[in-house]
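# Descriptive structure summary
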Amino acid sequence: MDILSAICSPVVLCQILMGLSRTVILFIVASGLSLILGVLRIPNIAHGSLYMIGAFMAYTVSRLFGGGIAGYWMAVLLAPLGVALLSFVVERGIFSRVYDREHIMLFLLTFAFVLVFGDLVKMVWGAEYRTVPIPPFFQGAIPILGMRFPIYNFFLLLMGPLVAILLYLLVNKTKMGKISRAAAVDMEMVAGVGINVSRVFCSVFVIGCFLAGLGGALVAPIVNVSLGMDHTLIMEAFLIVIIGGLGNIWGALLGSLIFGLTQSLGILIWPQFGIVLPYAAVIVVLSFRPTGLLRSTW
Amino acid sequence: METANYKYVIFALVIAAIFAVAPFSLPRFYVYLIALIVTTGLLSTSLNFVLGFGGIYQFHHAVFYGVGAYGAAVMIMKLNYNPWIGFIVGPLAAAFLSLVIGLICIRLSKLYFGMLQISLGSLVWAIVYRWYTFTGGDDGIHGISVPPILESPIGSYYFTLIVVALSLFIMYRILKAPFGSILQGIRDNVVRSQAIGVNVRRHQLIAIVIAGFFAGVAGVLFVVVDNSVFPDMMFWTLSLEITIMALVGGWYTFLGPMLGAAIIVLLRTFVSTMTEYWALALGLVLLLVILFLPEGVLGKVFEIWRERGLGRTGEAERTKGTDYA
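Residues numbered from 1 in each chain as written. Chains lettered and ligands numbered in written order. Predicted model: local features only at pLDDT ≥ 70, side-chain atom pairs only at ≥ 80, totals over all residues.

## A word on the overall build of chain A
- A tally of helices and strands in chain A yields 12 helices and 2 strands.
- Element order for chain A, N to C, with α for helix and β for strand: α-α-α-α-α-β-β-α-α-α-α-α-α-α.
- Expected size for 298 residues packed as a compact globule is a radius of gyration near 19 Å; at 19 Å, chain A falls within 12% of this value.
- Projected onto its principal axes, the C-alpha positions of chain A cover 60 × 50 × 35 Å.
- Going through the 298 residues of chain A one by one, you find that 49% of them count as buried.
- Considering only contacts in chain A between residues 6 or more positions apart, those separated by 24 or more positions represent 78%. (Helix = DSSP H or I, 4+ residues; strand = E, 2+ residues; numbered from the N terminus. Rg over C-alpha atoms; globule rule 2.2 N^0.38 Å. Buried ≥ 20, exposed ≤ 12 C-beta atoms within 10 Å, placed from the backbone. Contact = placed C-beta atoms within 7 Å.)

## Considering the overall build of chain B
- Within chain B, the secondary structure is distributed over 14 helices and 0 strands.
- Ordering the α and β elements of chain B from the N terminus gives α-α-α-α-α-α-α-α-α-α-α-α-α-α.
- The C-alpha radius of gyration of chain B comes to 19 Å, within 12% of the 20 Å expected for a compact globule of 325 residues.
- Projected onto the principal axes, the alpha-carbon positions of chain B cover approximately 55 × 50 × 40 Å.
- By residue count, 49% of the 325 residues in chain B fall in the buried class.
- In chain B, the share of contacts with a sequence separation of at least 24, taken over all contacts with a separation of at least 6, comes to 77%.

## With respect to the nonpolar core
- Counting residues in each nonpolar core, the largest one holds 197 residues, and the members touching the most others are Val-29, Ala-55 and Ala-58 of chain A.
- It is helix H10 (residues 200–226) of chain B that contributes the most residues to this core, 16 residues altogether.
- If sequence neighbours within four positions are ignored, Ala-55 of chain A has contacts with Gly-216, Ala-217, Val-219, Ala-220, Val-225 and Met-229 of chain A. (Core = buried A, V, L, I, M, F, W, Y, C linked by C-beta atoms within 7 Å.)

## A short note on the interface of chain A and chain B
- Each partner contributes to the interface: chain A provides 29 residues, whereas chain B provides 33 residues.
- Mapped by element, the contributors of at least two residues to the side of chain A that touches chain B are helix H5 (103–125), helix H10 (229–244) and helix H12 (276–288) of chain A.
- Looking at the side of chain A that touches chain B, its residues break down into 22 nonpolar, 4 polar and 3 charged. (Nonpolar A, V, L, I, M, F, W, Y, C, P; charged D, E, K, R; others polar.)

## Quick look at the packing of helix H11 (residues 236–249) of chain B against helix H14 (residues 296–307) of chain B
All names here are of chain B.
- At a closest axis distance of 3 Å, the pairing of H11 and H14 adopts a crossing angle of 15°. It follows from the interaxial angle that H11 and H14 lie roughly parallel. Of the residues in H14, those touching H11 at Leu-247, Val-248 and Gly-249 are Gly-296, Val-297 and Leu-298. (Axes fitted to C-alpha atoms, helices over the stretch in contact; angles between N-to-C directions. Parallel < 35°, antiparallel > 145°, perpendicular 65-115°, else oblique.)

## A closer look at the environment of Asp-232 of chain B
- With respect to the secondary-structure elements, Asp-232 of chain B resides in the loop between H10 and H11.
- Exposure remark for Asp-232 of chain B: the 14 C-beta atoms within 10 Å place this residue in the partly exposed category.

## Overview of the confidence of the model for chain B
Residue and element names in this part refer to chain B.
- Across chain B, the average pLDDT comes to 86, with 94% of residues at 70 or higher.
- The element-level mean pLDDT for chain B is lowest in helix H1 (residues 2–25), coming to 77, with H10 highest at 93.
- On the interface metric, ipTM, the complex scores 0.83, and its pTM is 0.86. (pLDDT = per-residue confidence, 0-100.)

## Structural notes on helix H5 (residues 110–130) of chain B
- Taking 1.5 Å of rise per residue, 21 residues should cover 30 Å, and H5 of chain B covers 31 Å from first to last C-alpha, within 8% of that figure.
- Burial runs high along H5 of chain B: 17 of the 21 residues are buried. (Expected span 1.5 Å × (residues − 1).)

## Points about unusual backbone geometry
All names here are of chain B.
- Positive phi is not limited to glycine here, since Asn-227 has a value of about 55°.
- With respect to the element layout, Asn-227 can be found in the loop between H10 and H11.
- Assessed through the 17 C-beta atoms surrounding it within 10 Å, Asn-227 is described here as partly exposed.
- In this model, Tyr-252 sits at a positive phi of 70°, which is unusual for a non-glycine residue.
- Within the secondary structure, Tyr-252 is located in the loop between H11 and helix H12 (256–274).

## Here we look at the packing of helix H2 (residues 28–51) of chain B against helix H7 (residues 153–176) of chain B
All names here are of chain B.
- Between H2 and H7, the shortest axis-to-axis distance is 10 Å and the interhelical angle comes to 20°. If you check the angle between H2 and H7, you find them roughly parallel. Note on packing geometry: the crossing formed by H2 with H7 is left-handed. Two secondary-structure elements touch here, H2 through Arg-28, Val-31, Tyr-32, Ala-35, Val-38, Thr-39, Leu-42, Thr-45 and Phe-49 and H7 through Pro-153, Ser-156, Tyr-157, Thr-160, Leu-161, Val-164, Ser-167, Leu-168 and Met-171. (Left-handed = near helix turned anticlockwise from the far one by under 90°.)

## A closer look at the environment of Met-18 of chain A
Residues and elements named next belong to chain A.
- Looking at the element boundaries, Met-18 is found in helix H2 (residues 10–39).
- Note: C-alpha distance between Met-18 and Phe-154 (136 residues apart in sequence) is 9.0 Å.
- Setting aside its immediate chain neighbours within four residues, Met-18 contacts Asn-153 and Ser-264.

## As for helix H6 (residues 151–173) of chain A
- In a regular helix each residue adds 1.5 Å, so 23 residues correspond to 33 Å; H6 of chain A covers 33 Å between its end C-alpha atoms and thus fits that length.
- Buried positions along H6 of chain A lie against H2, helix H7 (175–185), helix H9 (197–219) and helix H11 (249–269) of chain A.

## Comments concerning the pairing of strand S1 (residues 141–144) of chain A
Residues and elements named next belong to chain A.
- Bridge analysis of S1 against strand S2 (residues 147–150) gives 4 bridges, and the strand direction is antiparallel. Among the inter-strand pairings, Ile-144 is bridged to a residue of S2, identified as Met-147.
- With antiparallel pairing between neighbouring strands as the criterion, S1 and S2 make up a hairpin whose turn holds 2 residues, including Leu-145 at a positive phi of roughly 50°. (Pairing = 2+ DSSP bridges.)

## As for the environment of Asn-199 of chain B
- Relative to the helices and strands, Asn-199 of chain B is located in the loop between helix H9 (190–195) and H10.
- Classification of Asn-199 of chain B as partly exposed rests on a count of 13 C-beta atoms within 10 Å.

Quick look at the structure:
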């Protein structure tokens, strides 16, 4: 009874809701990573950098449109598009030429972009913190059982399912999604029936990177936008993709849930080392299911 | 064959002589730099031991370097043990940690292994980063007391050099021993190795522990050279930097990572004096190497030698093409 009442306490409930809004960001970023990993088989460690660039672009765009509601929506729309454009250039310029290399070469190639993007951000935006204002519409908090829960996080809770549904429709209901799923399983066969695989790869890469940018733009109002925000996030995204099953979008959702909830509850239980809890969860999951909870696409 | 060995001995003696007289003819900064290069080179070589020769995607190798250094630093500064004991505990701690992480990751294959390994390594980093009372948090530990004989730059230089040479020799012997051949066999074809009765996971785990141990040795040497430790020593970007060193020097060659470490450390030293955008420069170098010189400098040299019929086709010097999965 004691435990039950503890779980139902407002503090824990609020923390769970916070964990869920964190889950949304993790899911949006990790699903993009998973998509690229599943179809192109690139462990894109620069995905975190794109997330960071998305956040910085959101800052610039919202400043450009003078903050407020218009600035915010333009930021959420334009920043991911900017990231997508950047990724398009990179994919066509470099990645499309090296798909046949070993995984480790591709991995190191993406690390080259971590270095380059990191310094480019430093050049363009400087090394100091930036903050994106929460639009007036989303400011404030709503009371839940005596605790105050920020409205913006509620908005994030709505965005998560929305992105998941759109992604589901894109992957399962559109022709491009079907082709990309086929390409993930057998690229040569897809090429054999006369489909331009290179173009499919490019679109998947760009969509994946768009999601990284979207994650960055959505998270910008509630964190300090700074250099180095990519470093921790990409490790979390890697773990999520691993426990979910490589290339499986629902796996990414499940992994994000596990990660976000254990993270937020871990901080509640043990403030200093709560960060250990999600990792412990990952180790438990992997000792029972070494290739992730859901079926990986390769 | 006799003459070839004779040549190599002369070559080795000349190199040894150059290193031996270096501290008397170079400014102090360069002595420090050489010590730093051989330390980093040892770290990169130990990575190449698992990555290049074992085919194991050990993406986060620097964590063992950091744990080796922190193990020594904590023993000396926080627990007040004799520095020599700290120097022994450091590598052992690194070897133990590599066993633990290895046991968790070993069931996964290739990329899964690498991604989990890098994530678990960053967990270790996060713990070190937050555990202020024990590890000094983000400040690290500075002014670590070392044995009197190592306090002078020349003393630490020679100590570093001797330990690195000894470590390289041991790793080289291991790779030349039957164990090394089995390891490379596993790298080239896991299924066939299993079919002839090789316990693949056990061999890979042993290789991981050996590499972790020598990474820890490199960490201790960093303590000797720099008298300080800080969390960046086990951040994942450093791991990828030493992977770049191995790549630039040449994977599948034994001395490649050492050469790569020299190239990258020197490049960093001189680029950093000109611009603050060192990472950008490193990224561009990496990009060019991957696109145009994927076999690395030493790999390319051996390739050219072989084309001209000059080189030996020894196992350790053999360069391999792509695709060994």
